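# Descriptive structure summary
Residues per chain are reported as follows:
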Amino acid sequence: MATEKAETDRIPVTLALSTISYLEKLVRQGTHGTSVPGVAKTLIEEGIRLAIKDGLLSIRDNGRPS
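Residues numbered from 1 in each chain as written. Predicted model: local features only at pLDDT ≥ 70, side-chain atom pairs only at ≥ 80, totals over all residues. Heavy atoms only, no water.

Quick look at the overall build of the protein chain now. Regarding its fold elements, the protein chain presents two helices and zero strands. Counting across all 66 residues of the protein chain, residues that qualify as buried make up 6%. Of the accessible surface of the protein chain, which amounts to about 6,500 Å², a share of 56% is contributed by carbon and sulfur atoms. (Helix = DSSP H or I, 4+ residues; strand = E, 2+ residues; numbered from the N terminus. Buried < 20%, exposed > 50% of the residue type's maximum accessible area, 1.4 Å probe, protein only. Areas by Shrake-Rupley, 256 points an atom, 1.4 Å probe, with all protein chains shown as cover.)

It is worth spelling out the pattern of salt bridges at this point. Taken as a whole, this structure holds one salt bridge when the rule is applied. One salt bridge connects Arg49 with Glu45, and the closest N-O pair in it is separated by 2.6 Å. Residue Arg49 and its partner Glu45 are located together in helix 2 (residues 36–53), separated by four residues, close to a single helical turn. Residue Arg49 is classed as exposed on the basis of its relative accessible area, which comes to 56%. You can call Glu45 partly exposed: its relative accessible area is 39%. (Salt bridge = Lys/Arg side-chain N within 4 Å of Asp/Glu carboxyl O.)

Further remarks concern helix 2. Taking 1.5 Å of rise per residue, 18 residues should cover 26 Å, and helix 2 covers 26 Å from first to last C-alpha, within 8% of that figure. For helix 2, the side-chain oxygen to backbone nitrogen distance between the N-cap and Gly38 is 3.0 Å, and the N-cap itself is Ser35. (Expected span 1.5 Å × (residues − 1). Polar contact = N/O pair within 3.5 Å; in protein donor to acceptor, adjacent residues only side chain to side chain.)

A grouping of Ile44, Ile48, Ile52, Leu56 and Leu57 is seen on the molecular surface, where their side chains present a nonpolar patch of about 500 Å² in accessible area. Looking at the secondary structure, you find Leu57 in the segment after helix 2. (Patch = residues over 30% accessible without salt bridge, like charges linked within 9 Å, V, L, I, M, F, W, Y side chains within 5 Å.)

Close contact between helix 1 (residues 17–29) and helix 2 brings their axes to 9 Å; oriented N to C, the two are set at 95°. When the interaxial angle is binned, helix 1 and helix 2 end up roughly perpendicular. Contacts between helix 1 and helix 2 involve Leu23, Glu24, Leu26 and Val27 on the former and, on the latter, Val36, Val39, Ala40 and Leu43. A breakdown of the residues in the contact of helix 1 with helix 2 according to their chemical character gives seven nonpolar, no polar and one charged. (Axes fitted to C-alpha atoms, helices over the stretch in contact; angles between N-to-C directions. Parallel < 35°, antiparallel > 145°, perpendicular 65-115°, else oblique. Contact = heavy atoms within 4.5 Å. Nonpolar A, V, L, I, M, F, W, Y, C, P; charged D, E, K, R; others polar.)

Quick look at the structure:
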């Protein structure tokens, strides 16, 4: 887990109205968060973890120090 303070810069994200509607239903269901941004954050996090686990995402080490 990162111990450094996260950047607070934000970028706008555009979602289809049908996606927002689905996220709102998940908010009412209460299983993934209590707000649309919270639900989206949860699903993004889960998706990234799954992609890493499934080998779809990986960090290439090009011999550069991190």
